[in-house]
Amino acid sequence: AFAVSVVSEGAEDETELPVLQNSEKSRTINKIGRELKGIVFVIQSQSNSFHSKRAEDLKRDVLKQAVDLGKELPTVLLIHQIDRHEGAWTILPLMTDFSVTYGRNSSWIFFCEEDTRIQVIKLVETLRRFDKSKEWFLGKELYDEESTIIHHYAFAENPTVFKFPDFAAGWALSIPLVNKLAKKLKSEPLKSDFTIDLKHEIALYIWQKGEGPHLTPVPEFCTDDVNSYKVDHCATTFSNFLPLCGEPVNKEDVFVAVKTCRKFHGDRIPVVKQTWEREAALIEYYSDYADISIPTTDLGIPNTDRGHCGKTFAILERFLNHTSRRIPWLVVVDDDTLISIFRLRKLLSCYDPNEAVFLGERYGYGLGTGGYSYITGGGGMVFSRTAVQKLLASKCRCYSMDAPDDMVLGMCFSGLGIPVTHSPLFHQARPMDYPKDYLSHQIPVSFHKHWNIDPVKVYFTWLAPNTEESSNGKKVGYNREDL
(Lines give C-alpha, C1' and ligand atoms only; values in the text may rest on other atoms or scores of the structure.)
Protein backbone atom coordinates (compact mmCIF):
# COMPACT_ATOMS: atom_id res chain seq x y z
CA ALA A 1 0.00 0.00 0.00
CA PHE A 2 1.07 3.59 -0.63
CA ALA A 3 2.57 4.74 2.65
CA VAL A 4 5.05 7.46 1.66
CA SER A 5 4.82 10.73 3.54
CA VAL A 6 6.95 13.77 2.80
CA VAL A 7 8.48 15.26 5.94
CA SER A 8 10.10 18.67 5.83
CA GLU A 9 12.34 19.30 8.81
CA GLY A 10 11.96 22.65 10.48
CA ALA A 11 8.80 23.55 8.60
CA GLU A 12 7.24 26.57 10.28
CA ASP A 13 3.84 26.66 8.63
CA GLU A 14 2.28 23.45 9.88
CA THR A 15 -1.18 24.39 8.54
CA GLU A 16 -0.08 24.74 4.87
CA LEU A 17 2.22 21.71 4.67
CA PRO A 18 -0.32 18.87 5.03
CA VAL A 19 -2.43 20.42 2.26
CA LEU A 20 0.57 20.47 -0.10
CA GLN A 21 1.54 16.97 0.91
CA ASN A 22 -1.96 15.66 0.35
CA SER A 23 -2.23 17.41 -3.02
CA GLU A 24 1.08 15.95 -4.20
CA LYS A 25 0.16 12.53 -2.86
CA SER A 26 -3.21 12.68 -4.62
CA ARG A 27 -1.59 13.57 -7.97
CA THR A 28 0.90 10.74 -7.55
CA ILE A 29 -1.83 8.23 -6.70
CA ASN A 30 -3.96 9.37 -9.65
CA LYS A 31 -1.01 8.98 -12.01
CA ILE A 32 -0.24 5.49 -10.71
CA GLY A 33 -3.94 4.61 -11.00
CA ARG A 34 -4.01 5.66 -14.67
CA GLU A 35 -0.86 3.67 -15.44
CA LEU A 36 -2.19 0.68 -13.53
CA LYS A 37 -5.28 0.60 -15.75
CA GLY A 38 -2.93 -0.01 -18.69
CA ILE A 39 -1.67 -3.29 -17.17
CA VAL A 40 -3.56 -6.50 -17.89
CA PHE A 41 -2.82 -9.05 -15.16
CA VAL A 42 -2.94 -12.69 -16.23
CA ILE A 43 -2.80 -15.24 -13.40
CA GLN A 44 -1.62 -18.67 -14.54
CA SER A 45 -4.46 -20.37 -12.69
CA GLN A 46 -5.96 -23.88 -12.68
CA SER A 47 -9.53 -25.12 -12.34
CA ASN A 48 -8.90 -27.50 -9.43
CA SER A 49 -10.69 -26.03 -6.38
CA PHE A 50 -7.50 -25.58 -4.33
CA HIS A 51 -5.70 -23.74 -7.11
CA SER A 52 -8.64 -21.68 -8.31
CA LYS A 53 -9.20 -20.36 -4.78
CA ARG A 54 -5.56 -19.28 -4.53
CA ALA A 55 -5.83 -17.52 -7.86
CA GLU A 56 -9.08 -15.79 -6.84
CA ASP A 57 -7.40 -14.64 -3.61
CA LEU A 58 -4.56 -13.10 -5.61
CA LYS A 59 -7.02 -11.41 -7.97
CA ARG A 60 -8.87 -9.89 -5.00
CA ASP A 61 -5.60 -8.67 -3.51
CA VAL A 62 -4.57 -6.94 -6.75
CA LEU A 63 -7.97 -5.28 -7.13
CA LYS A 64 -8.00 -4.21 -3.47
CA GLN A 65 -4.64 -2.50 -3.93
CA ALA A 66 -6.04 -0.84 -7.07
CA VAL A 67 -9.14 0.40 -5.24
CA ASP A 68 -6.89 2.10 -2.71
CA LEU A 69 -5.35 4.04 -5.60
CA GLY A 70 -8.58 5.36 -7.09
CA LYS A 71 -11.46 4.40 -9.36
CA GLU A 72 -9.45 2.99 -12.27
CA LEU A 73 -9.26 -0.79 -11.94
CA PRO A 74 -6.99 -2.99 -14.06
CA THR A 75 -8.13 -6.10 -15.87
CA VAL A 76 -7.27 -9.31 -13.99
CA LEU A 77 -7.70 -12.56 -15.94
CA LEU A 78 -7.53 -16.15 -14.73
CA ILE A 79 -6.11 -18.49 -17.36
CA HIS A 80 -8.33 -21.44 -16.43
CA GLN A 81 -11.41 -19.33 -17.15
CA ILE A 82 -10.27 -18.71 -20.71
CA ASP A 83 -11.77 -22.04 -21.72
CA ARG A 84 -11.86 -21.59 -25.47
CA HIS A 85 -8.37 -23.08 -25.58
CA GLU A 86 -7.42 -26.50 -24.19
CA GLY A 87 -3.87 -25.14 -24.27
CA ALA A 88 -4.58 -21.77 -22.65
CA TRP A 89 -1.94 -22.56 -20.02
CA THR A 90 0.71 -22.50 -22.76
CA ILE A 91 -0.11 -18.77 -23.22
CA LEU A 92 1.10 -18.31 -26.81
CA PRO A 93 -2.25 -19.44 -28.29
CA LEU A 94 -3.84 -16.51 -26.39
CA MET A 95 -1.73 -13.81 -28.04
CA THR A 96 -4.23 -13.15 -30.83
CA ASP A 97 -7.04 -12.65 -28.31
CA PHE A 98 -4.83 -10.41 -26.19
CA SER A 99 -3.90 -8.33 -29.22
CA VAL A 100 -7.50 -7.90 -30.41
CA THR A 101 -8.91 -7.13 -26.95
CA TYR A 102 -6.13 -5.08 -25.36
CA GLY A 103 -3.90 -4.05 -28.28
CA ARG A 104 -5.10 -0.45 -28.42
CA ASN A 105 -5.86 0.65 -24.88
CA SER A 106 -3.32 -1.23 -22.75
CA SER A 107 0.44 -1.01 -22.26
CA TRP A 108 1.50 -4.31 -20.68
CA ILE A 109 0.41 -7.89 -20.17
CA PHE A 110 1.79 -9.03 -16.82
CA PHE A 111 1.80 -12.78 -16.14
CA CYS A 112 2.20 -14.38 -12.72
CA GLU A 113 1.55 -17.58 -10.83
CA GLU A 114 -1.10 -18.03 -8.14
CA ASP A 115 1.59 -17.81 -5.42
CA THR A 116 3.24 -14.67 -6.79
CA ARG A 117 2.72 -11.71 -4.48
CA ILE A 118 2.51 -8.29 -6.11
CA GLN A 119 3.21 -4.81 -4.73
CA VAL A 120 1.10 -2.93 -7.26
CA ILE A 121 2.69 0.51 -6.82
CA LYS A 122 6.21 -0.89 -7.14
CA LEU A 123 5.16 -2.85 -10.21
CA VAL A 124 3.84 0.30 -11.90
CA GLU A 125 7.01 2.19 -10.99
CA THR A 126 9.14 -0.66 -12.33
CA LEU A 127 7.33 -0.91 -15.68
CA ARG A 128 7.49 2.89 -16.01
CA ARG A 129 11.25 2.61 -16.62
CA PHE A 130 10.61 0.89 -19.94
CA ASP A 131 9.28 2.66 -23.05
CA LYS A 132 5.87 1.04 -23.55
CA SER A 133 5.95 1.85 -27.27
CA LYS A 134 8.86 -0.57 -27.77
CA GLU A 135 8.98 -4.37 -27.75
CA TRP A 136 9.87 -5.57 -24.26
CA PHE A 137 10.10 -9.03 -22.73
CA LEU A 138 10.76 -8.56 -19.00
CA GLY A 139 11.33 -11.02 -16.16
CA LYS A 140 13.66 -12.56 -13.63
CA GLU A 141 16.26 -14.45 -15.61
CA LEU A 142 17.01 -18.15 -15.41
CA TYR A 143 19.58 -20.01 -17.48
CA ASP A 144 20.99 -23.50 -17.85
CA GLU A 145 24.48 -24.08 -16.54
CA GLU A 146 24.79 -27.07 -18.85
CA SER A 147 22.67 -28.25 -21.76
CA THR A 148 19.77 -30.40 -20.68
CA ILE A 149 17.37 -32.92 -22.14
CA ILE A 150 14.29 -30.98 -21.01
CA HIS A 151 15.44 -28.12 -23.28
CA HIS A 152 16.40 -30.48 -26.11
CA TYR A 153 20.07 -29.69 -25.42
CA ALA A 154 19.61 -26.15 -26.74
CA PHE A 155 22.66 -23.86 -26.86
CA ALA A 156 24.88 -26.85 -26.16
CA GLU A 157 28.11 -24.88 -26.67
CA ASN A 158 27.22 -22.33 -23.99
CA PRO A 159 23.73 -22.70 -22.50
CA THR A 160 24.27 -19.79 -20.09
CA VAL A 161 23.83 -17.30 -22.95
CA PHE A 162 20.09 -17.91 -23.29
CA LYS A 163 17.89 -16.40 -20.58
CA PHE A 164 14.28 -17.35 -19.85
CA PRO A 165 11.85 -16.07 -17.19
CA ASP A 166 11.11 -17.53 -13.79
CA PHE A 167 7.30 -17.48 -13.88
CA ALA A 168 7.15 -17.41 -10.08
CA ALA A 169 8.54 -13.85 -10.10
CA GLY A 170 6.10 -12.66 -12.75
CA TRP A 171 7.00 -11.58 -16.28
CA ALA A 172 5.72 -8.96 -18.70
CA LEU A 173 5.25 -8.35 -22.40
CA SER A 174 4.73 -4.87 -23.82
CA ILE A 175 1.68 -4.52 -26.07
CA PRO A 176 3.79 -3.86 -29.21
CA LEU A 177 5.46 -7.24 -28.65
CA VAL A 178 2.07 -8.91 -28.02
CA ASN A 179 0.81 -7.46 -31.32
CA LYS A 180 3.90 -8.68 -33.13
CA LEU A 181 3.53 -12.20 -31.71
CA ALA A 182 -0.16 -12.27 -32.66
CA LYS A 183 0.72 -11.31 -36.23
CA LYS A 184 3.41 -14.00 -36.39
CA LEU A 185 1.02 -16.65 -35.10
CA LYS A 186 -1.42 -15.86 -37.92
CA SER A 187 1.22 -16.53 -40.57
CA GLU A 188 3.07 -19.28 -38.68
CA PRO A 189 0.69 -21.29 -36.48
CA LEU A 190 2.22 -23.11 -33.56
CA LYS A 191 3.51 -26.54 -34.50
CA SER A 192 1.78 -29.62 -33.18
CA ASP A 193 4.47 -30.93 -30.88
CA PHE A 194 5.41 -31.16 -27.23
CA THR A 195 5.27 -28.51 -24.51
CA ILE A 196 7.78 -29.59 -21.87
CA ASP A 197 9.19 -26.50 -20.16
CA LEU A 198 6.88 -23.64 -21.03
CA LYS A 199 9.04 -20.80 -19.74
CA HIS A 200 11.98 -21.86 -21.91
CA GLU A 201 9.82 -22.51 -24.97
CA ILE A 202 8.08 -19.13 -24.77
CA ALA A 203 11.45 -17.38 -24.54
CA LEU A 204 12.65 -19.32 -27.60
CA TYR A 205 9.54 -18.36 -29.58
CA ILE A 206 9.89 -14.67 -28.68
CA TRP A 207 13.63 -14.71 -29.45
CA GLN A 208 12.94 -16.01 -32.98
CA LYS A 209 16.48 -17.24 -33.57
CA GLY A 210 17.91 -13.84 -32.75
CA GLU A 211 15.40 -11.69 -34.65
CA GLY A 212 13.18 -10.98 -31.64
CA PRO A 213 13.94 -9.52 -28.22
CA HIS A 214 15.91 -11.31 -25.54
CA LEU A 215 14.59 -11.42 -22.01
CA THR A 216 15.49 -8.20 -20.17
CA PRO A 217 16.29 -8.97 -16.51
CA VAL A 218 14.30 -6.90 -14.00
CA PRO A 219 15.76 -6.96 -10.45
CA GLU A 220 12.41 -5.90 -8.96
CA PHE A 221 10.87 -9.20 -10.10
CA CYS A 222 11.84 -11.44 -7.18
CA THR A 223 11.29 -14.94 -5.83
CA ASP A 224 12.40 -14.18 -2.27
CA ASP A 225 9.83 -14.95 0.39
CA VAL A 226 7.57 -12.03 1.23
CA ASN A 227 8.94 -12.01 4.80
CA SER A 228 12.58 -11.88 3.73
CA TYR A 229 14.75 -8.88 4.60
CA LYS A 230 15.84 -8.82 0.95
CA VAL A 231 12.50 -7.76 -0.55
CA ASP A 232 12.39 -4.02 0.11
CA HIS A 233 13.15 -3.26 -3.54
CA CYS A 234 10.87 -5.98 -4.94
CA ALA A 235 7.70 -5.43 -6.94
CA THR A 236 6.97 -9.15 -6.69
CA THR A 237 7.77 -11.87 -4.18
CA PHE A 238 6.86 -15.55 -3.97
CA SER A 239 5.30 -17.82 -1.37
CA ASN A 240 8.06 -20.38 -1.57
CA PHE A 241 6.97 -23.10 0.78
CA LEU A 242 5.36 -26.50 0.41
CA PRO A 243 1.58 -26.02 0.67
CA LEU A 244 0.09 -27.44 3.84
CA CYS A 245 -3.66 -27.07 4.25
CA GLY A 246 -4.16 -28.95 7.49
CA GLU A 247 -2.72 -32.16 8.85
CA PRO A 248 -0.79 -34.20 6.25
CA VAL A 249 -2.91 -37.04 4.89
CA ASN A 250 -2.37 -40.31 6.72
CA LYS A 251 0.23 -42.75 5.48
CA GLU A 252 -2.52 -45.32 5.07
CA ASP A 253 -4.39 -42.96 2.70
CA VAL A 254 -1.68 -43.16 0.02
CA PHE A 255 -1.19 -46.34 -2.01
CA VAL A 256 2.10 -46.38 -3.96
CA ALA A 257 2.53 -48.47 -7.11
CA VAL A 258 6.05 -48.90 -8.48
CA LYS A 259 6.40 -49.95 -12.12
CA THR A 260 9.40 -52.17 -12.67
CA CYS A 261 10.57 -55.17 -14.72
CA ARG A 262 12.86 -58.10 -14.15
CA LYS A 263 15.97 -56.53 -15.67
CA PHE A 264 15.84 -53.66 -13.13
CA HIS A 265 15.14 -55.72 -10.00
CA GLY A 266 18.84 -55.86 -9.17
CA ASP A 267 19.83 -52.19 -9.55
CA ARG A 268 16.81 -49.87 -9.33
CA ILE A 269 14.70 -51.57 -6.65
CA PRO A 270 17.56 -51.57 -4.08
CA VAL A 271 17.72 -47.78 -4.49
CA VAL A 272 14.02 -47.47 -3.68
CA LYS A 273 14.51 -49.65 -0.60
CA GLN A 274 17.51 -47.59 0.56
CA THR A 275 15.68 -44.30 0.13
CA TRP A 276 11.97 -43.60 0.13
CA GLU A 277 10.26 -47.00 0.56
CA ARG A 278 10.27 -46.57 4.36
CA GLU A 279 8.05 -43.48 3.97
CA ALA A 280 5.26 -45.48 2.34
CA ALA A 281 2.84 -47.51 4.45
CA LEU A 282 1.20 -49.13 1.41
CA ILE A 283 3.52 -49.99 -1.49
CA GLU A 284 3.54 -52.67 -4.18
CA TYR A 285 6.02 -53.37 -6.96
CA TYR A 286 4.50 -54.40 -10.29
CA SER A 287 6.68 -56.33 -12.70
CA ASP A 288 6.69 -58.90 -15.48
CA TYR A 289 8.15 -61.43 -13.02
CA ALA A 290 7.11 -62.42 -9.51
CA ASP A 291 10.16 -62.10 -7.26
CA ILE A 292 9.35 -62.95 -3.65
CA SER A 293 12.56 -61.38 -2.36
CA ILE A 294 11.28 -57.85 -3.18
CA PRO A 295 8.36 -58.85 -3.44
CA THR A 296 7.00 -58.04 -6.90
CA THR A 297 3.57 -58.78 -8.33
CA ASP A 298 3.31 -60.09 -11.88
CA LEU A 299 0.26 -58.48 -13.45
CA GLY A 300 0.41 -60.81 -16.45
CA ILE A 301 1.45 -57.92 -18.69
CA PRO A 302 4.62 -58.57 -20.72
CA ASN A 303 7.31 -55.92 -20.36
CA THR A 304 7.63 -53.48 -23.25
CA ASP A 305 10.68 -51.44 -24.21
CA ARG A 306 8.62 -48.26 -24.13
CA GLY A 307 5.17 -46.99 -23.30
CA HIS A 308 3.93 -49.36 -20.57
CA CYS A 309 0.30 -48.34 -21.09
CA GLY A 310 -0.98 -51.88 -20.54
CA LYS A 311 0.84 -52.16 -17.23
CA THR A 312 -0.40 -48.81 -15.94
CA PHE A 313 -4.04 -49.53 -16.74
CA ALA A 314 -3.70 -52.91 -15.03
CA ILE A 315 -2.41 -51.06 -11.95
CA LEU A 316 -5.39 -48.67 -12.04
CA GLU A 317 -7.85 -51.56 -12.24
CA ARG A 318 -6.09 -53.39 -9.42
CA PHE A 319 -6.22 -50.26 -7.22
CA LEU A 320 -9.92 -49.79 -7.88
CA ASN A 321 -10.95 -53.41 -7.43
CA HIS A 322 -8.45 -54.93 -4.99
CA THR A 323 -7.65 -52.25 -2.42
CA SER A 324 -9.80 -50.77 0.31
CA ARG A 325 -12.29 -48.19 -0.91
CA ARG A 326 -11.18 -46.07 2.04
CA ILE A 327 -7.79 -45.42 0.38
CA PRO A 328 -8.32 -42.11 -1.44
CA TRP A 329 -4.98 -41.67 -3.22
CA LEU A 330 -2.93 -43.68 -5.71
CA VAL A 331 0.65 -42.74 -6.67
CA VAL A 332 2.19 -44.43 -9.72
CA VAL A 333 5.97 -44.06 -10.11
CA ASP A 334 8.76 -45.57 -12.16
CA ASP A 335 11.44 -47.68 -10.47
CA ASP A 336 13.92 -44.84 -11.10
CA THR A 337 11.69 -42.13 -9.60
CA LEU A 338 12.99 -40.53 -6.39
CA ILE A 339 10.06 -39.20 -4.37
CA SER A 340 9.30 -37.81 -0.93
CA ILE A 341 6.10 -39.48 0.26
CA PHE A 342 6.53 -37.41 3.43
CA ARG A 343 6.17 -34.15 1.47
CA LEU A 344 3.53 -35.57 -0.85
CA ARG A 345 1.31 -36.26 2.16
CA LYS A 346 1.60 -32.58 3.10
CA LEU A 347 0.79 -31.49 -0.44
CA LEU A 348 -2.24 -33.79 -0.68
CA SER A 349 -3.75 -32.12 2.38
CA CYS A 350 -4.68 -29.31 -0.02
CA TYR A 351 -6.68 -31.46 -2.42
CA ASP A 352 -10.18 -32.88 -2.14
CA PRO A 353 -10.12 -36.62 -2.95
CA ASN A 354 -13.81 -36.39 -3.83
CA GLU A 355 -12.75 -34.38 -6.89
CA ALA A 356 -11.27 -36.09 -9.93
CA VAL A 357 -7.63 -35.15 -9.28
CA PHE A 358 -4.84 -36.15 -11.67
CA LEU A 359 -1.73 -34.44 -10.26
CA GLY A 360 1.94 -34.13 -11.21
CA GLU A 361 4.16 -32.27 -13.67
CA ARG A 362 2.12 -31.12 -16.65
CA TYR A 363 3.30 -31.48 -20.23
CA GLY A 364 1.36 -30.77 -23.41
CA TYR A 365 1.05 -32.34 -26.83
CA GLY A 366 -0.22 -30.51 -29.92
CA LEU A 367 -1.80 -27.73 -27.90
CA GLY A 368 -1.46 -25.20 -30.72
CA THR A 369 -3.89 -27.28 -32.77
CA GLY A 370 -6.20 -28.80 -30.18
CA GLY A 371 -4.22 -31.56 -28.51
CA TYR A 372 -4.22 -32.34 -24.81
CA SER A 373 -2.29 -31.94 -21.56
CA TYR A 374 -0.91 -34.84 -19.56
CA ILE A 375 1.04 -35.63 -16.40
CA THR A 376 4.51 -36.86 -17.30
CA GLY A 377 5.05 -40.26 -15.74
CA GLY A 378 8.64 -40.13 -14.53
CA GLY A 379 8.01 -37.46 -11.92
CA GLY A 380 5.14 -39.46 -10.47
CA MET A 381 1.41 -39.50 -11.27
CA VAL A 382 -1.08 -38.98 -8.43
CA PHE A 383 -4.73 -40.00 -8.82
CA SER A 384 -7.69 -39.55 -6.52
CA ARG A 385 -9.82 -42.68 -6.34
CA THR A 386 -12.61 -40.57 -7.85
CA ALA A 387 -10.43 -39.88 -10.92
CA VAL A 388 -9.62 -43.58 -11.35
CA GLN A 389 -13.33 -44.48 -11.07
CA LYS A 390 -14.33 -41.97 -13.73
CA LEU A 391 -11.49 -43.00 -16.03
CA LEU A 392 -12.21 -46.73 -15.91
CA ALA A 393 -15.96 -46.20 -16.18
CA SER A 394 -15.34 -44.33 -19.45
CA LYS A 395 -13.89 -47.39 -21.22
CA CYS A 396 -11.04 -45.20 -22.53
CA ARG A 397 -8.09 -47.56 -22.83
CA CYS A 398 -4.67 -48.05 -24.45
CA TYR A 399 -4.58 -48.15 -28.24
CA SER A 400 -1.64 -50.54 -27.84
CA MET A 401 0.08 -52.20 -24.89
CA ASP A 402 3.27 -50.21 -25.46
CA ALA A 403 1.56 -46.84 -25.99
CA PRO A 404 2.93 -44.07 -23.75
CA ASP A 405 0.85 -44.48 -20.62
CA ASP A 406 1.06 -40.87 -19.45
CA MET A 407 -0.04 -39.49 -22.83
CA VAL A 408 -2.93 -41.95 -23.15
CA LEU A 409 -4.08 -40.95 -19.67
CA GLY A 410 -3.92 -37.31 -20.75
CA MET A 411 -6.05 -38.06 -23.81
CA CYS A 412 -8.57 -39.98 -21.73
CA PHE A 413 -8.95 -37.31 -19.04
CA SER A 414 -9.13 -34.59 -21.70
CA GLY A 415 -11.95 -36.46 -23.40
CA LEU A 416 -13.75 -36.68 -20.06
CA GLY A 417 -13.37 -32.94 -19.50
CA ILE A 418 -11.17 -33.58 -16.44
CA PRO A 419 -8.18 -31.19 -16.48
CA VAL A 420 -4.81 -32.32 -15.23
CA THR A 421 -3.52 -30.50 -12.15
CA HIS A 422 0.03 -29.19 -12.35
CA SER A 423 2.50 -28.94 -9.50
CA PRO A 424 6.04 -27.66 -10.22
CA LEU A 425 7.28 -29.71 -7.24
CA PHE A 426 7.28 -32.89 -9.36
CA HIS A 427 10.22 -33.26 -11.75
CA GLN A 428 10.64 -35.49 -14.78
CA ALA A 429 14.43 -35.03 -14.75
CA ARG A 430 17.38 -34.81 -12.32
CA PRO A 431 18.23 -31.80 -10.11
CA MET A 432 21.15 -30.90 -12.40
CA ASP A 433 18.69 -30.52 -15.31
CA TYR A 434 17.08 -27.43 -13.75
CA PRO A 435 18.50 -23.96 -13.04
CA LYS A 436 19.74 -23.65 -9.47
CA ASP A 437 17.81 -20.44 -8.95
CA TYR A 438 14.59 -22.16 -10.04
CA LEU A 439 15.03 -24.97 -7.51
CA SER A 440 16.09 -22.54 -4.78
CA HIS A 441 12.49 -21.45 -4.14
CA GLN A 442 11.06 -24.97 -4.26
CA ILE A 443 10.66 -27.77 -1.76
CA PRO A 444 10.60 -30.58 -4.33
CA VAL A 445 8.48 -33.71 -4.14
CA SER A 446 10.24 -35.79 -6.81
CA PHE A 447 13.05 -36.20 -9.33
CA HIS A 448 13.57 -38.85 -11.98
CA LYS A 449 16.37 -40.84 -13.62
CA HIS A 450 19.54 -42.43 -12.22
CA TRP A 451 21.61 -41.44 -15.24
CA ASN A 452 25.11 -40.14 -14.33
CA ILE A 453 24.19 -39.46 -10.69
CA ASP A 454 24.31 -41.23 -7.36
CA PRO A 455 20.53 -41.57 -6.80
CA VAL A 456 20.88 -42.37 -3.09
CA LYS A 457 22.92 -39.21 -2.60
CA VAL A 458 20.41 -37.17 -4.59
CA TYR A 459 17.57 -38.48 -2.43
CA PHE A 460 19.28 -37.67 0.87
CA THR A 461 20.37 -34.26 -0.38
CA TRP A 462 17.05 -33.13 -1.85
CA LEU A 463 14.16 -35.24 -0.62
CA ALA A 464 14.83 -37.10 2.64
CA PRO A 465 12.73 -36.22 5.72
CA ASN A 466 15.86 -35.26 7.68
CA THR A 467 16.26 -32.35 5.26
CA GLU A 468 12.64 -31.47 5.80
CA GLU A 469 11.38 -28.02 6.60
CA SER A 470 10.25 -26.86 10.00
CA SER A 471 6.63 -27.54 10.93
CA ASN A 472 5.42 -24.11 9.84
CA GLY A 473 6.28 -24.94 6.23
CA LYS A 474 9.14 -22.49 5.81
CA LYS A 475 12.34 -23.69 4.22
CA VAL A 476 15.45 -24.03 6.33
CA GLY A 477 18.93 -23.70 5.00
CA TYR A 478 20.74 -26.93 4.27
CA ASN A 479 23.55 -27.57 1.87
CA ARG A 480 22.71 -29.09 -1.48
CA GLU A 481 25.62 -30.37 -3.42
CA ASP A 482 25.87 -29.85 -7.16
CA LEU A 483 24.01 -32.98 -8.13
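Residues numbered from 1 in each chain as written. Predicted model: local features only at pLDDT ≥ 70, side-chain atom pairs only at ≥ 80, totals over all residues. Heavy atoms only, no water.

Chemist: What should I look at first to understand the domain arrangement of the protein chain in this one?
Modeler: Reports often express the size of an interface as the amount of accessible area lost when the parts come together. According to the domain assignment, the protein chain contains domain 1 (33–238) and domain 2 (251–466). The interface is formed by 32 residues belonging to domain 1 together with 33 residues belonging to domain 2. Buried area between domain 1 and domain 2, summed over both chains or domains, comes out near 2,700 Å², and the portion from carbon and sulfur atoms is 53%. Between the two partners, domain 1 and domain 2, sit two salt bridges. Of the charged contacts, one joins Asp-437 and Lys-140 as a salt bridge, the two residues approaching to 3.0 Å between their closest N and O atoms. Where domain 1 meets domain 2, there are ten residue pairs in polar contact (both at pLDDT 80 or more). Every element with two or more residues in the side of domain 1 that touches domain 2 is listed here: helix H2 (49–67) and strand E9 (194–195). (Domains from an automatic or database assignment. Contact = heavy atoms within 4.5 Å. Buried area = accessible area lost by both parts, 1.4 Å probe. Salt bridge = Lys/Arg side-chain N within 4 Å of Asp/Glu carboxyl O. Polar contact = N/O pair within 3.5 Å; in protein donor to acceptor, adjacent residues only side chain to side chain. Helix = DSSP H or I, 4+ residues; strand = E, 2+ residues; numbered from the N terminus.)

Chemist: Would you explain the sheet that holds strand E20 (residues 381–384) in this entry?
Modeler: Whenever strands of a sheet pair, they do so through backbone hydrogen bonds, lying parallel or antiparallel. The sheet built from seven strands is open, its strands ordered E14-E13-E12-E15-E20-E17-E21 with mixed pairing. Each of the sheet's edge strands pairs with one partner strand only, and the pair in question is strand E14 (296–298) and strand E21 (421–422). Direction of pairing for strand E13 (residues 282–287) relative to E14: parallel, over a ladder of three bridges. Bridge pairing in E14 links Tyr-286 to Thr-297. Sitting on the sheet, helix H11 (residues 405–415) is in contact with strand E12 (254–259), strand E17 (358–360) and E20, with an inclination near 35° to E20. (Pairing = 2+ DSSP bridges. Axes fitted to C-alpha atoms, helices over the stretch in contact; angles between N-to-C directions.)

Chemist: How should the sheet that holds strand E19 (residues 372–375) be read in this particular structure?
Modeler: As summarised here, the arrangement of the three strands in space is E9-E18-E19, forming an open sheet in which the pairing is antiparallel. Two strands close off the open sheet at either side, each with one partner strand: E9 and E19. Taken together, the four bridges between strand E18 (residues 362–365) and E19 define a ladder with antiparallel strand orientation. Note that in E19 the partner of Tyr-365 across the bridge is Tyr-372. Sitting on the sheet, H11 is in contact with E9, E18 and E19, with an inclination near 130° to E19.

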